Amino acid sequence: TAGGDLTLTNTAGTATIQGASGIVAAQSGGAKTGTITINTAGTTTGSAGDGIRATSDSSGTIAVTAVAVTGTGGNGVFADTTGGGAINVATSGAVSGTNGFGINATSAGGNGNVKVDATGTVAGSTTGINATAVGTGTVIVTATKAVTGTAGNGINATTANGQIDVTAGELV
């Protein structure tokens with residue numbers, strides 16, 4: 001969209017979303033305050049890219065709530081804003097990125113907070129969970145199952161000047 005809100009909801013628990021990239025939602029231009037909200041109840045798979053990709057250049061929030069997500073050619077969940085908006089990613093099933101991050105949540109260009117809450121396993125070919133706030137935003141990561149980064153960290157949490165809180169329930 002060009003500055004407005006964008007919402008995608010799939011409430012059918014057995015429904016599968018699949019494509020080269022499972023879901024792609026991008027917000028740019030316009031009023032610079034638009035939000036992206038993605039809610040899925042089934043499995044989401046990107047067969048040649050990211051499972052879920054949400055990008056924005058606005059100060060609006062990116063919120064992703066998903067069950068099982070796989071990015072076969074990329075990241076499991078990729079949420080990135082260059083407008084300083086907040087990012088909230090919550091997953092309840094297995095998430096994997098076979099050519100990237102399991103979950104990447106990055107807020108740059110302002111002071112947006114970043115929160116990742118993963119209650120299922122998370123695996124990435126690089127890093128399992130990457131949560132970054134480039135301003136004074138707070139970074140909170142909660143992972144209750146195993147988080148694996150094949151070539152990097154299990155969990156990478158960084159902020160320029162904000163607080164960091166990481167809680168891991170199992171092997172990282």
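Described below are features of the structure shown in this document. (Residues numbered from 1 in each chain as written. Predicted model: local features only at pLDDT ≥ 70, side-chain atom pairs only at ≥ 80, totals over all residues. Heavy atoms only, no water.)

1. A look at the packing of aromatic side chains
Applying the stated criterion to the full structure yields 0 aromatic pairs. Lying over the aromatic face of F78, R53 brings its terminal NZ or CZ to 4.2 Å of the ring centre. (Phe/Tyr/Trp six-rings, centres within 6.5 Å; stacked < 30°, edge-to-face > 60°. Lys NZ or Arg CZ within 6 Å of the ring centre and 35° of its normal.)

2. Comments concerning the nonpolar core
Nonpolar side chains in soluble globular proteins tend to end up buried together. Core analysis: the biggest nonpolar cluster contains 30 residues, and V89, I103 and I129 have the highest contact counts within it. Excluding residues that lie within four positions of it along the chain, I103 makes contacts with V77, V89, T91, V95, V116, A118, V122, G128, I129 and N130. (Core = buried A, V, L, I, M, F, W, Y, C linked by side-chain atoms within 4.5 Å. Buried < 20%, exposed > 50% of the residue type's maximum accessible area, 1.4 Å probe, protein only. Contact = heavy atoms within 4.5 Å.)

3. A closer look at the side chain of T91
Looking at the secondary structure, you find T91 in strand β10 (residues 87-91). T91 has contacts with A66, V67, V77, I103, D117, A118, T119 and G120, leaving out every residue within four places of it along the chain. (Helix = DSSP H or I, 4+ residues; strand = E, 2+ residues; numbered from the N terminus.)

4. Re the pattern of salt bridges
Applying the stated criterion across every chain, the model contains 1 salt bridge. R53 is the partner of D50 in a salt bridge, and the nearest nitrogen-oxygen pair spans 2.6 Å. (Salt bridge = Lys/Arg side-chain N within 4 Å of Asp/Glu carboxyl O.)

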